[in-house]
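Fold and contact review
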Amino acid sequence: MFYKFIRQVARFVVFVVNGRFKIVGKENLPDKPYIIVAPHRTWWEPIFFALAIKPREATFMAKIELFKNPILRFILVHSHAFPVDRKHPGPSVIKTPVKALKQKGQVLIMFPSGTRYSEELRGGASLIAKLSKAPLVPMVYQGPLKFSDLLKHKQVTIGVGKEIDFNFKAKLDDEQTKKVNDDMEEAWKMVDNEIDPDFKYIPDPNKKEFDNS
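Some points on the sheet that holds strand S1 (residues 22–24)
Taken together, seven strands build an open sheet; the order of strands is S1-S7-S6-S2-S5-S3-S4 and the sheet is mixed. The two strands at the open ends of the sheet, each matched to only one other strand, are S1 and strand S4 (81–84). Sheet twist, expressed as the average angle between the axes of neighbouring strands with direction ignored, equals 25 degrees. Bridge count between strand S6 (residues 136–142) and strand S7 (residues 157–160): four bridges; the pairing is antiparallel. Pairing of Val140 across the sheet is with Gly159, part of S7.

Looking at the pairing of S4
Within a regular strand, the side chains alternate between the two sheet faces. Relative to S4, strand S3 (residues 58–63) is paired through four bridges, and the arrangement is parallel. Note that in S4 the partner of Lys63 across the bridge is Val84. In this view, the connection linking S3 to its parallel neighbour S4 by way of helix H3 (residues 70–78) has right-handed handedness.

So, the confidence of the model for the protein chain
One rule of thumb: low pLDDT means the predicted coordinates there are not for detailed reading. The predicted model of the protein chain averages 89 in pLDDT, with 92% of residues at 70 or higher. Considering each helix and strand of the protein chain separately, the mean pLDDT is smallest for S4, with a value of 90, and largest for S7, with 98. Low confidence marks residues 208–213, where pLDDT is under 50. Its contacts with residues over four positions away, or in another chain, come to 14 contacts.

Quick word on the nonpolar core
Membership of the largest hydrophobic core comes to 25 residues, with the highest contact counts inside it found for Ile36, Phe48, Phe49, Ile53, Met139, Tyr141 and Ile158. Mapped by element, the contributors of at least two residues to this core are helix H1 (2–18), helix H2 (45–52), strand S5 (107–110), S6 and S7. Ranked by residues supplied to this core, first place goes to H2 with five residues. With near-sequence residues (within four places) excluded, Ile36 lies in contact with Phe49, Ile53, Val107, Leu108, Ile109, Met110, Val137 and Met139.

Section: the packing of aromatic side chains
The full count for this structure, using the stated rule, is nine aromatic pairs. Where Trp43 meets Trp44, the ring centres are 5.3 Å apart and the plane angle is 85 degrees; that geometry is what we call edge-to-face. In textbook terms, an aromatic cluster arises when at least three aromatic residues are bridged by ring pairs, as seen for Phe2, Phe5 and Phe74.

Digging into a nonpolar patch on the surface
Among the surface-exposed residues, Phe5, Val9, Phe12, Val13, Phe15 and Val16 lie close enough to one another that they form a single nonpolar patch of about 580 Å² accessible area. Val13 gets classed as partly exposed once you look at its relative accessible area, which sits at 42%.

Structural notes on the environment of Val156
Within the secondary structure, Val156 sits in the loop between helix H6 (147–150) and S7. Residue Val156 is classed as buried on the basis of its relative accessible area, which comes to 0%. Here the alpha-carbon distance between Val156 and Ile23, two residues 133 residues apart in the chain, equals 8.7 Å. Apart from residues no more than four positions distant in its own chain, Val156 is found in contact with Asn18, Phe21, Lys22, Phe48, Tyr141, Gln142, Gly143, Pro144 and Leu150.

About the thresholds
Residues numbered from 1 in each chain as written. Predicted model: local features only at pLDDT ≥ 70, side-chain atom pairs only at ≥ 80, totals over all residues. Heavy atoms only, no water. Pairing = 2+ DSSP bridges. Helix = DSSP H or I, 4+ residues; strand = E, 2+ residues; numbered from the N terminus. Axes fitted to C-alpha atoms, helices over the stretch in contact; angles between N-to-C directions. Right-handed = clockwise from strand over helix to strand, strands pointing away. pLDDT = per-residue confidence, 0-100. Contact = heavy atoms within 4.5 Å. Core = buried A, V, L, I, M, F, W, Y, C linked by side-chain atoms within 4.5 Å. Buried < 20%, exposed > 50% of the residue type's maximum accessible area, 1.4 Å probe, protein only. Phe/Tyr/Trp six-rings, centres within 6.5 Å; stacked < 30°, edge-to-face > 60°. Patch = residues over 30% accessible without salt bridge, like charges linked within 9 Å, V, L, I, M, F, W, Y side chains within 5 Å. Areas by Shrake-Rupley, 256 points an atom, 1.4 Å probe, with all protein chains shown as cover. Salt bridge = Lys/Arg side-chain N within 4 Å of Asp/Glu carboxyl O.

Below, the structure is given as structure tokens:
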């Protein structure tokens, strides 16, 4: 109940702040639990992703530091977010989303690079997909990269690609993980090109991996 309420609030805020946004390829969203894999470009794109998959409900990882505030913790927990210690991740990083996918039928929003300041993909998405049997669906955000530009009602487009080929029966070794990561990057390029091939996102090399911003 709270999730639906907070989603309505988020939709209103997005409309006031930026106006209507466009979704390209929504027909590619499966009618079952799935994992959204996306390049991490802004701190607000998970909100757009969650709105784009309506009426499905999403779960997502959030920095454990955000849960220290009791009010914010209440909102995050009831919005299906779960805490992750990015410096010292534990088994719950895998177990919690797998449970959300298999038992709760939710959609996982995931950024395989972990942060907005890295292009190196990790293996978490492949492992969660393997354990949950949920398909990987590529999604990209194209739009303002600065909040000040978001306030100027510049166009925001969310692109959805086709499911990434994943052999659930194959052994998940380094070779298989690399193939999945390569396929994700290729899928993102295809969706980006479909929306606007001139759009570029370049991570700031001066930002640290565990920057709080």
